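One-letter residues, chain by chain:
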Amino acid sequence: MNVILKIILAVYKFFVGDLVILLGITLTMVILALIHFVGALAPLRGGLGLILIVGVLATLVATLGREVMRSENKQKA
Amino acid sequence: MQWAIVIAAFLAASVEFVEAFTLVLVAGITVNWRSSIVGALAAVATLAVIIATLGVALVTLIPIGVLRFVIGFLLLLFGLKWLKNAIQRYSGLKFLHDEEAIYAANLAQARARGEAVGTRLDPFGVLLSYKSVLLEGLEVAFIVISFGSGGSNGIGLAAIGAAAAGVLVILVGALVQAPLQRIPENTLKFIVGIMLTTFGTFWSGESFGINWPFSDLFLLLLAAFYLVVSVLLITAIKQHQQRGASATTASEAPTLSQEKEVRL
């Protein structure tokens, strides 16, 4: 069990190493997939590119925001 | 007609080769050349096996959309991680790497262990090079098959055009790599972060059927856009840090004067 966990952790650290980035990009892809495959969301298909770029930038801002907050908390402590 | 096939394949394949070679170059400069070349050669071997096994049926059997999605997704993860670290260093949230000191320390450690320096295989470098060459190589194969299937001996002619494009891109790349190695580490990582994020966005978008404006040229526009946003983020974080630092100094000042009063 310990070995499996270590492997999962090593794979996670190699590919991502940042939970905010993983969640942000996964969420963006899920939203794109929904718009792409669900018929009711077809009117949004023209904006897929924009949604993807906004999702990527929002993820970057979120992960940097977390680092800024961490740094502030460290300074306060 | 036959020249048209060669030229069309040459032009279309050049774009794909430039995209693949850019990431091979990036892996070579930022990680090490051994990892980058091993990754690229492994991808060429995989491509050779795929093409030898499937031949012309390749176009119908390989789901290029799925491949684009997987590679685009991974590039976005890698790219954002690199970009985030570079932005943190530029804005002062993280210390800039003292590259020469780190290099000297690594050199001394490796020599003490009796290892050759900078030649160990790095999984990130191998994977980055492998997946970019595999994806773009498959796209070149698709180009050769689709351009060449029109006329007699068309595939051979299209393959000549694509091969010429490959040789040209490698030659230009070999000339360009020396000046690139003189760029400071964090600047290079910042550029790489932007490039990986750009390619990741582009390929994962294509997997969802997005037709980017200006086709492959959109990569340049997207990279420029990400660059501008990143510079704005660095400026914003720097200003925020400065404000935080001056607020801390201001709050500490009364405490210091109170201490003086107590002492008096």
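Let us look at the structure shown here. (Residues numbered from 1 in each chain as written. Chains lettered and ligands numbered in written order. Predicted model: local features only at pLDDT ≥ 70, side-chain atom pairs only at ≥ 80, totals over all residues. Heavy atoms only, no water.)

**Side note on the overall build of chain A**
Part 1: The helix and strand tally for chain A stands at three helices and zero strands.
Part 2: Seen in sequence order, chain A has helices and strands lined up from the N terminus as α-α-α.
Part 3: Since a compact globule built from 77 residues should have a radius of gyration of about 11 Å, the 17 Å found for chain A marks it as more spread out than a globular shape.
Part 4: Once the C-alpha set of chain A is aligned to its principal axes, its extents read approximately 50 × 40 × 15 Å. (Helix = DSSP H or I, 4+ residues; strand = E, 2+ residues; numbered from the N terminus. Rg over C-alpha atoms; globule rule 2.2 N^0.38 Å.)

**What to know about the side chain of B:E139**
Part 1: Considering the arrangement of structural elements, one finds B:E139 in helix α6 (residues 123-148).
Part 2: When neighbours within four sequence positions are excluded, B:E139 is seen to be in contact with B:E16, B:I64 and B:R68. (Contact = heavy atoms within 4.5 Å.)

**Thoughts on the side chain of A:D18**
Part 1: Relative to the helices and strands, A:D18 resides in the loop between α1 (2-15) and α2 (19-37).
Part 2: A polar contact of 3.2 Å, which involves the side chain of A:D18, links it to the backbone nitrogen of A:I21.
Part 3: Those residues in contact with A:D18 that sit more than four places away from it in its chain are A:Y12, A:T63, A:R66 and B:K84. (Polar contact = N/O pair within 3.5 Å; in protein donor to acceptor, adjacent residues only side chain to side chain.)

**A short note on the environment of B:E16**
Part 1: Mapped onto the elements of the fold, B:E16 is located in helix α1 (residues 2-30).
Part 2: Beyond its immediate chain neighbours, meaning those up to four positions away, B:E16 contacts B:E136, B:E139, B:V140, B:I143 and B:D216.

**So, the packing of helix α3 (residues 48-76) of chain A against helix α4 (residues 64-91) of chain B**
Part 1: α4(B) packs onto α3(A) with a crossing angle of 45° between their chain directions and a minimal axis gap of 10 Å. When the interaxial angle is binned, α3(A) and α4(B) end up oblique. The hand of the α3(A)/α4(B) crossing is right-handed. Seen from α3(A), the contacting residues are A:V56, A:T59, A:L60, A:T63, A:L64 and A:E67; seen from α4(B), they are B:L76, B:L80, B:L83, B:K84, B:I87 and B:Q88.
Part 2: Looking at the contact of α3(A) with α4(B) residue by residue, the class counts come to seven nonpolar, three polar and two charged. (Axes fitted to C-alpha atoms, helices over the stretch in contact; angles between N-to-C directions. Parallel < 35°, antiparallel > 145°, perpendicular 65-115°, else oblique. Left-handed = near helix turned anticlockwise from the far one by under 90°. Nonpolar A, V, L, I, M, F, W, Y, C, P; charged D, E, K, R; others polar.)

**Notes on the nonpolar core**
Part 1: Judged by nonpolar contacts, the single largest core of 65 residues is most densely connected at A:I25, A:M29, B:L58, B:L75, B:I87, B:L196 and B:W203.
Part 2: Where this core is concerned, the elements lending two or more residues are α2 and α3 of chain A together with α1, α2 (33-54), α4, α6, α8 (185-207) and α9 (218-263) of chain B.
Part 3: Counting residues per element, this core draws most heavily on α4(B), at 12 residues.
Part 4: In contact with B:L75, not counting residues within four places along its chain, are B:L23, B:L128, B:K131, B:L196, B:T197, B:F199, B:G200 and B:W203.
Part 5: The next biggest cluster of nonpolar side chains, apart from the first, holds 10 residues, and it includes B:A13, B:V140, B:V144 and B:A165. (Core = buried A, V, L, I, M, F, W, Y, C linked by side-chain atoms within 4.5 Å. Buried < 20%, exposed > 50% of the residue type's maximum accessible area, 1.4 Å probe, protein only.)

**Concerning the packing of aromatic side chains**
All names here are of chain B.
Part 1: In total, this model carries nine aromatic pairs over all chains according to the counting rule given.
Part 2: A ring pair is formed by F69 and F208, whose centres lie 5.7 Å apart and whose planes are at 85°; its orientation type is edge-to-face. Here the residue F69 occupies a position in helix α4, and F208 occupies one in the loop between α8 and α9, the gap between them amounting to 139 residues.
Part 3: Judged by its relative accessible area of 28%, F69 falls in the partly exposed class.
Part 4: Classification of F208 by relative accessible area gives buried; the value is 7%.
Part 5: Clustering of aromatic rings is evident, with ring pairs tying together F69, F73 and F208.
Part 6: Above the plane of the ring of W82 lies K189, whose end atom (NZ or CZ) is 5.8 Å from the centre. (Phe/Tyr/Trp six-rings, centres within 6.5 Å; stacked < 30°, edge-to-face > 60°. Lys NZ or Arg CZ within 6 Å of the ring centre and 35° of its normal.)

**Focus: α8(B)**
Residues and elements named next belong to chain B.
Part 1: Over its 23 residues, α8 extends 32 Å from the first C-alpha to the last, a length consistent with the 33 Å expected when each residue adds 1.5 Å.
Part 2: Where burial is concerned, most of α8 is hidden: 19 out of the 23 residues are buried.
Part 3: The positive-phi residue at the C-terminal boundary of α8 is G209, with phi of around 80°. (Expected span 1.5 Å × (residues − 1).)

**Describing the pattern of salt bridges**
For side chains of opposite charge, pairing can occur when their charged atoms come near one another.
Residue and element names in this part refer to chain B.
Part 1: Inspection of the entire model under this criterion finds six salt bridges over all chains.
Part 2: One salt bridge connects R68 with E139, and the closest N-O pair in it is separated by 3.1 Å. Within this pair, whereas R68 is found in helix α4, its partner E139 is found in helix α6, the two being separated by 71 residues in sequence. E139 matches R68 in its accessibility class, with the two residues each being buried. (Salt bridge = Lys/Arg side-chain N within 4 Å of Asp/Glu carboxyl O.)

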